[in-house]
Amino acid sequence: MSVQTAGTRWYNSVWRWHFYAGLMCIPFVLWLALTGAAYLWRPQVEAWLDQRFDHLATAAPAQSPDAQATAAERAVPGSTLRSYGLPAAPGQAVRIIVERDGVASRVYLDPASLRVLHVVPEAARPFAVLSRLHGELLAGAIGSYLVEIAACWAVTMLLTGVYLWWPRGRRGLGGVLYPRLGRGKRVFWRDLHATAGIWVSVFALGLILTGLPWTKGWGSYLVEIRTLTGTNAGPVDWTIGGKAPVAADAPDSHAGHAGMTMGMAPARLPTAIAAGDLTRVVATARPLGIAAPVMIAPPKTPGAPWSVRSDAADRPLRSEAEIDGATGRLIGRSGFAERHWIDRLIGYGIAVHEGALFGLANQIAGTIVALLLALLAGSGAVLWWRRRPVGLLGAPLPLTRPRFGPVLVAAIVVLGVYMPMFGATLLLVLAVERLVLRNLRGPRRWLGLARG
């Protein structure tokens, strides 16, 4: 067998995997790219939506945080305090989150008059909904698994795409780094797909890998691995499949607070908080210089310290403290640098993923990557639609499969271990192809698994 024939067989095999992975991923990639690009601009959009609550015209002094919390609880009858948002500037409305029957609501309150300006369920806030659309398809754990599977196969799509793009003896940069014009629609769409893919591949892989900690399967997998290896260091500060897990050794004061991220409801907080506790905690927390927004949460058990925590989007800026409500004494404080290195690494990744690590430039770069991903998926769909035969899926014609060497097998095993949902679905696909489709001539022909 000649080298050229072997190369042809390899190219055909990789092209077929790229085709099937891409066809499955295209709807998800388009969805995740567009919803992700919108989410990147959360700070600006939320500031615009909340601007009427950030410039209150009042000269009266603010009432005590205890009085403000009581007014917020009255706004949602039967509710209890879940967290108090420390105002970042004078003239801002106080944001207080209260909870009733497991449902959290955000109360916007004039700190001077205690007038309720707005009440909205946390889960109904626009970016809370967008977050669930992006990460769960509004389908809970099932949606999270689907997103994770699509993300894992998108990695396969990108890696095989780089192999197909590789300029084997081609002269010039046309069709390699930029699309060639004037060569017809077929060449244009092929070049657009290939060049968009090569420009975006590295950054897209980064986006996918930094998004995995949120998914139900990979996030839970990471927690289990860290438990087995003894590398857990308290609760994580990101959600997994829509819920924030709490490590078994986490202090009690953090357990109820961890679920604040993304509007998830933790266990019900106590109904009785000693008078003056919140006011004393706020007085101690203000001069600590914790990055805004600062959320202050009461303890779950009487006598335990209050939790003061930064919810800054730029996670390396986050820190937290514990304050005794009875005396206002600062019990302890910890920052991002004191977290386990795995948590710090994931924190940096999440900050980049959300466009928060290096400000506006991060948002613009993330948006460009998301739009290129959408272009990659869209152009791939156009290529498939234009070349598909009538009555067939349009997969590349199968040739004899090349031999898989130890390096390729090892790479597939590594990917399967690192991304268990990829490994599980790969085995499922191979099992279905071998045990079911092998005996069904019509479906095999339609799917392109056999020659017509």
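Refer to the structure above for everything that follows.
The rules behind the values
- Here, residues in each chain are numbered from 1, in the same order as that chain's written sequence.
- Owing to the predicted nature of the model, reporting of local features is limited to residues with pLDDT of at least 70; listing and counting of side-chain atom pairs is limited to 80 or more, with chain, interface and lining totals taken over all residues.
- Excluding hydrogens and water, the side-chain figures rest on all heavy atoms present in the structure.
- Salt-bridge detection follows one rule: a side-chain nitrogen of Lys or Arg within 4 Å of a carboxyl oxygen of Asp or Glu.
- Here a strand is any run of E in DSSP of at least two residues, a helix any run of H or I of at least four, and the numbering for each starts at the N terminus.
- Exposure classes here rest on a 1.4 Å probe applied to the protein chains alone. A residue is buried below 20% of its type maximum, exposed above 50%, and partly exposed in between.
- The term polar contact refers here to a pair of N or O atoms within 3.5 Å; inside protein, the definition further demands a hydrogen-donor-capable atom paired with an acceptor-capable atom, and it admits residues adjacent in sequence only when both atoms are side-chain atoms.
- The criterion used for residue contact is that any of the two residues' heavy atoms lie within 4.5 Å.
- Working definition of a nonpolar core: buried Ala, Val, Leu, Ile, Met, Phe, Trp, Tyr and Cys residues. They are joined through side-chain atoms within 4.5 Å.
- Multiplying 1.5 Å by the helix residue count minus one yields the expected span of that helix.
- Aromatic rings from Phe, Tyr and Trp, taking only the six-membered ring of Trp, are treated as a pair when their centres fall within 6.5 Å; an angle between ring planes under 30 degrees marks them as stacked, one over 60 as edge-to-face, and anything in between as tilted.
- Only protein atoms enter the 1 Å grid used here, on which a cavity is any set of points holding a 1.4 Å probe that cannot leave and a pocket is any open set flanked by protein within 12 Å on both sides along at least five of seven lines; residues with an atom within 4 Å of a point are listed as lining.
- Grid points are joined across faces, edges and corners, and a volume is the space filled by probe spheres set on the points.
- Note that Gly is not counted as nonpolar here; it falls among the polar residues with everything else outside the nonpolar set of Ala, Val, Leu, Ile, Met, Phe, Trp, Tyr, Cys and Pro and the charged set of Asp, Glu, Lys and Arg.

1. Details of the pattern of salt bridges
- Tallied over the entire structure, the rule returns 13 salt bridges.
- For R444, the salt bridge identified is with E433, shortest N-O distance 2.9 Å. Here R444 is found in helix α14 (residues 441-447), whereas its partner E433 is found in helix α13 (residues 420-435), with eleven residues between them in sequence.
- A residue is classified by how much of its surface remains accessible, and R444, at 14% relative accessible area, is buried.
- Connected through shared salt-bridge partners, R42, E46, R106, E122 and R125 make up one network.

2. Describing the side chain of H18
- Assignment of secondary structure puts H18 in helix α1 (residues 3-39).
- Look at H18 and you get buried, because its relative accessible area is 14%.
- A polar side-chain atom of H18 sits 3.0 Å from a polar atom in the side chain of T160.
- In contact with H18, not counting residues within four places along its chain, are M157, T160, G161, L164 and H193.

3. Structural notes on the nonpolar core
- With 37 residues, the main nonpolar core has V29, W153, M157, W238 and L373 as its most contacted residues.
- Elements with a minimum of two residues in this core: α1, α5 (140-165), α6 (185-211), α7 (216-229), α10 (341-353), α11 (359-387) and α13.
- If you tally residues by element for this core, the top one is α5, at eight residues.
- Apart from residues lying up to four places away in sequence, V29 is in contact with A154, M157, L373 and A377.
- Counting residues in each nonpolar core, the second largest holds 26 residues, with A67, Y84, L278 and W306 among its members.

4. Considering α7
- Helix length check: α7 (14 residues) gives 20 Å between terminal C-alpha atoms against 20 Å at 1.5 Å per residue, within 8%.
- Every buried residue belonging to α7 is among G217, W218, G219, L222 and R226, and all of these are buried.
- In this structure, the buried residues of α7 make contact with α5, α10, α12 (406-418) and α13.
- Where α7 terminates, the next one or two residues include G230, which has phi positive at roughly 70 degrees.

5. Some thoughts on the packing of aromatic side chains
- Counted by the stated rule, this structure contains eleven aromatic pairs.
- A ring pair is formed by F336 and Y348, whose centres lie 5.3 Å apart and whose planes are at 85 degrees; its orientation type is edge-to-face. Of the two residues, F336 is situated in the loop between β8 (330-335) and α10 and Y348 in helix α10; the sequence distance between them amounts to twelve residues.
- According to the relative accessible area criterion, Y348 is partly exposed, its value standing at 40%.
- Ring centres of W384 and W385 lie 5.6 Å apart, and the angle between their planes is 70 degrees; on these two criteria the pair is classed as edge-to-face.
- Classification of W384 by relative accessible area gives partly exposed; the value is 22%.
- By way of ring pairs, the aromatic residues W17, W153 and F422 are connected into one cluster.

6. What to know about the layout of surface pockets
- Put simply, the largest pocket is a space of about 1700 Å³.
- Around the largest pocket, the lining is made up of 46 residues, and of these S13, W17, F404, L426 and L430 lie nearest the centre.
- Looking at the lining of the largest pocket, the elements that each hand over two or more residues are α1, α5, α12, α13 and α14.
- Across the lining of the largest pocket, the residue classes break down as 32 nonpolar, eight polar and six charged.
- Each pocket or cavity is described by its volume, and for the second largest pocket that value is around 1200 Å³.
- Together, 42 residues line the second largest pocket, and R42, E46, R106, P293 and D311 are the ones closest to its centre.
- Those elements that provide at least two residues to the lining of the second largest pocket are α2 (42-49), β1 (80-86), β2 (94-100), α4 (126-136), β5 (294-297) and α11.
- Take the lining of the second largest pocket: its biggest share by element is five residues, from α2.
- Of the residues assigned to the lining of the second largest pocket, the class counts are 21 nonpolar, nine polar and twelve charged.

7. Some words on empty space enclosed by the protein
- Summed over all chains, the structure comprises two cavities of 30 Å³ or more.
- Estimated volume of the largest cavity: approximately 720 Å³.
- For the largest cavity, the lining is made up of 36 residues, of which L32, H134, G211, W214 and H353 are closest to its centre.
- Listing elements by their share of the lining of the largest cavity, those giving two or more residues are α1, α4, α5, α6 and α11.
- The dominant element in the lining of the largest cavity, judged by the number of residues it contributes, is α5, at seven residues.

8. A look at unusual backbone geometry
- Of note, the bond from A292 into P293 is cis; its omega dihedral lies within 30 degrees of zero at -5 degrees.
- The topology assignment puts P293 in the loop between α9 (277-285) and β5.
- The backbone phi angle of D101 is positive, close to 55 degrees, even though this residue is not glycine.
- Structurally, the position occupied by D101 is in the loop between β2 and β3 (103-109).
- The exposed category is assigned to D101, whose relative accessible area is 67%.
- A positive phi angle, near 55 degrees, is found at L138, a position not held by glycine.
- Its location among the elements puts L138 in the loop between α4 and α5.

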